[in-house]
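Summary of the model geometry
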Amino acid sequence: MNLLILFTIIASYFATITSYGNPKSLLCKKRDNYKLSYRKDLRWGEDIKRDMYLDDVTDGRPTVLALHTAHCLYCTTQATYLGNMANDLMDYGTNISIVVINHPGYEDYIDYYMRYIKSFDHVYFLQDDYADSAWRGLQGRKDDFYIYDSNQRLVKYVTGQAASLTNFGFKDDLYDMLSKMGQGYSPCDSTTKTGTSMEKTKLWISDYNYDHGKQCKRLPSDLFDIFWPPPSMPMIIYLASGDSVYSSNQGRAVVKFIRQQGTARDTSSSAFVNVIIVNAIGSEKSFSELKSKVESTNSDTVRLSIIQDTTVQNIAHKLNLRRDSMLVYDRYQRQMLLSHSPKTDMLDSVWRTTLQSVLEADNDLCTDYRFSELICKKAPEWSFNRIPFSWMTFDRFTVVSILKDTEEGILQLKRIIKARKDMGHLPITHIVINPSTQDAISRQQIYRGLMEGSRVHFIDDYADSTKSIVNSLLGAPGDTLFYDQHQILRATEIFSKKYDLQSRIRTHYKQQEDQCGQ
């Protein structure tokens, strides 16, 4: 009899850790409306069990769904964090649902779990059963998170310990995502020109990317002289070996793809893609002939150039390139994708679609990466007109906004000025940086007219890449950086038309001592 009990416990445990499939295949698909048991009445001391469908508790709101076992202390800690997050978002007018689904076989521990969540109105505890198993249908494991938009489409899946809310980077990202979805935004509605969802593009990148550690990092500063000034467009760096660009099937497919990118995009001001072919060390003899062929490929919508690598520059080594490697940067020189042969097979339709989706996603791809190497660290040393950043802050909570280099930059500046005026009672310093791109510089007079009489510090960035403040901050147009009174970076966000700047400033001002675990 004891052996039978032991076997049952072991089988139940393995049921909680076994993956039933690949939940990422469900991205941007509406989840099923599972039938479960609702146990909320336990909060009031009544053990009433009734059937309820998942849609009944989500009610058209952004939803975080967690797969837990009721006996797990870590699970109760996660639920407490989620409940507090729901309350904070509700304070700013964003209503979300938190749904916890208990694994079949753990019903006896419900009382223990409910002690931790009974004070949270937006945390719903549901019991799964074997007849209509939501765990199996969701293809998940214990501790997994599923984040759904208001239409109950899966926008993000986070597995196991990566979903820990004691990780402040993940916690901040989740908070920002839920806040945006509460305003009607959904990553599933953000698509590339090919109709590919941003989440699917990121999944493709995870399959093809060789160096995840450099995702969304800037082009190395010691290569600025070679690639600077970059045009305001995505950039592909391709390592070739002599005449292979035109003599091999792979090389010809690369050139064909580049030409197709140019004709596929209607641009009136600049090229859509900037392609730089790096001729490998040892292939110098064929450089001149290759250069003449490359230059004949240029058009109004494609900028193709070639440079010869040398032992002094050693571009291939610094960028971790091999023959037929492809390195893709967005328009702000942030690395989106590095892939090596044989994955960079231009004869493979999946790879071509991946590459095209990455190019069309452009800078939107890096909006979820929150300066991970700088968060909770002191701001880099920079100054303007010999005035150090630390002096500009007056030892106060400081917001640094980098204006967008489009027409939205005007809207962004107007909101910044209004926020500073409405929040004048708070000890906050707000610094605005106008980037050195051609579009941003053309609006300098408009910006200065708006700035008259405001209490915002306005700075024109240096055109010299080695002095650029934006480069020092690893930022890009549209970024907003939040520093505490000690110039420690606490959070970063991206400006958009729906972005509520004032509420975000208040949130980060209030949480500035919590975001880095202090």
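Right, let's get into the nonpolar core. Within the largest apolar cluster, 33 residues are counted, with the highest numbers of intra-cluster contacts made by F145, I147, L174 and L178. Mapped onto this core, the elements with two or more residues apiece are strand 3 (63-68), helix 3 (73-91), strand 4 (97-102), helix 4 (110-117), strand 5 (123-127), strand 6 (145-148), strand 7 (154-158) and helix 6 (168-182). Each residue touching L178, except ones within four places of it in the same chain, is listed here: P62, V64, M85, L89, T94, I96 and I147. I236, L304, M346 and L355 belong to the second largest nonpolar core, which has 28 residues in total.

A separate point is helix 4. Those residues of helix 4 that sit buried are I110, Y113, M114 and I117. The buried residues of helix 4 occupy an angular sector of 100 degrees when the element is viewed end-on, so they sit on one face. Residues of helix 4 that are exposed and point over 90 degrees away from its buried face: D111 and R115. Packed against the buried residues of helix 4 are strand 3, helix 3, strand 4 and strand 5.

Turning to its location among the elements, D461 is positioned in the loop between strand 17 (457-460) and helix 18 (469-472). Residue classification places D461 among the buried residues on the basis of a relative accessible area of 10%. In terms of polar contacts, D461 uses its side chain to reach the backbone amide nitrogen of I469, at 2.7 Å. Each residue touching D461, except ones within four places of it in the same chain, is listed here: I433, N434, P435, S436, S468, I469 and V470.

So, about the environment of D500. For D500, the position within the fold is in the loop between strand 19 (489-494) and helix 19 (501-511). Separated by 321 residues in the primary sequence, D500 and S179 have C-alpha atoms spaced 9.7 Å apart.

What follows concerns the pairing of strand 6. A two-sided burial pattern is seen for strand 6, the buried positions comprising F145 and I147 on one face and Y146 and Y148 on the other. The antiparallel hairpin formed by strand 6 and strand 7 contains five residues in its connecting segment, where Q152 sits at a positive phi of about 60 degrees.

Turning our eyes to something else, we now look at the packing of aromatic side chains. Using the criterion set out here, one finds 10 aromatic pairs in the structure. Look at Y113 and F125: their rings are 5.0 Å apart centre to centre, the planes differ by 45 degrees, and that puts the pair in the tilted class. You can see Y113 sitting in helix 4 and its partner F125 sitting in strand 5, a full 12 residues away along the chain. F125 matches Y113 in its accessibility class, with the two residues each being buried. Geometrically, the ring pair formed by F397 and Y509 is edge-to-face, given 5.5 Å between the ring centres and 85 degrees between the ring planes. Of the two residues, F397 is situated in strand 15 (residues 397-402) and Y509 in helix 19; the sequence distance between them amounts to 112 residues. Residue classification places Y509 among the partly exposed residues on the basis of a relative accessible area of 24%.

Moving on, we come to the environment of G424. Mapped onto the elements, G424 comes out in the loop between helix 15 (408-422) and strand 16 (428-434). The class of G424 is partly exposed, set by a relative accessible area of 26%. For the pair formed by G424 and R455, sequence separation is 31 residues and the distance between their alpha carbons is 8.8 Å.

Let us look at the sheet that holds strand 18 (residues 479-483). Read across the open sheet, the five strands follow the order 17-16-15-18-19; overall the sheet is mixed. Where the open sheet ends on each side, the last strands, each with one partner, are strand 17 and strand 19. Strand after strand, the sheet turns through a mean of 20 degrees between neighbouring axes, direction not considered. Examined bridge by bridge, strand 16 and strand 17 share four bridges and lie parallel to one another. Pairing of N434 across the sheet is with D460, part of strand 17.

Next up on the list: the packing of helix 15 against helix 19. Two elements in contact, helix 15 and helix 19, have axes separated by 9 Å at closest approach and are oriented at 55 degrees. Overall, the two elements helix 15 and helix 19 adopt an arrangement that is oblique. Like other packed secondary-structure pairs, helix 15 and helix 19 cross with a definite hand, here right-handed. Contacts between helix 15 and helix 19 pair R415, I416, K418, A419 and D422 from the former with L501, Q502 and I505 from the latter. Looking at side-chain class alone, the contact of helix 15 with helix 19 contains four nonpolar, one polar and three charged residues.

Time to look at the pairing of strand 11 (residues 326-329). Because side chains alternate across strand 11, one face comprises the buried residues M326 and V328, and the other comprises L327 and Y329, equally buried. Across four bridges, the pairing between strand 11 and strand 12 (residues 335-339) is antiparallel. Across the sheet, the residue bridging to L327 is L338, located in strand 12.

Basis of the calculations
Residues numbered from 1 in each chain as written. Predicted model: local features only at pLDDT ≥ 70, side-chain atom pairs only at ≥ 80, totals over all residues. Heavy atoms only, no water. Core = buried A, V, L, I, M, F, W, Y, C linked by side-chain atoms within 4.5 Å. Buried < 20%, exposed > 50% of the residue type's maximum accessible area, 1.4 Å probe, protein only. Helix = DSSP H or I, 4+ residues; strand = E, 2+ residues; numbered from the N terminus. Contact = heavy atoms within 4.5 Å. Arc of directions from axis to C-beta. Polar contact = N/O pair within 3.5 Å; in protein donor to acceptor, adjacent residues only side chain to side chain. Pairing = 2+ DSSP bridges. Phe/Tyr/Trp six-rings, centres within 6.5 Å; stacked < 30°, edge-to-face > 60°. Axes fitted to C-alpha atoms, helices over the stretch in contact; angles between N-to-C directions. Parallel < 35°, antiparallel > 145°, perpendicular 65-115°, else oblique. Left-handed = near helix turned anticlockwise from the far one by under 90°. Nonpolar A, V, L, I, M, F, W, Y, C, P; charged D, E, K, R; others polar.

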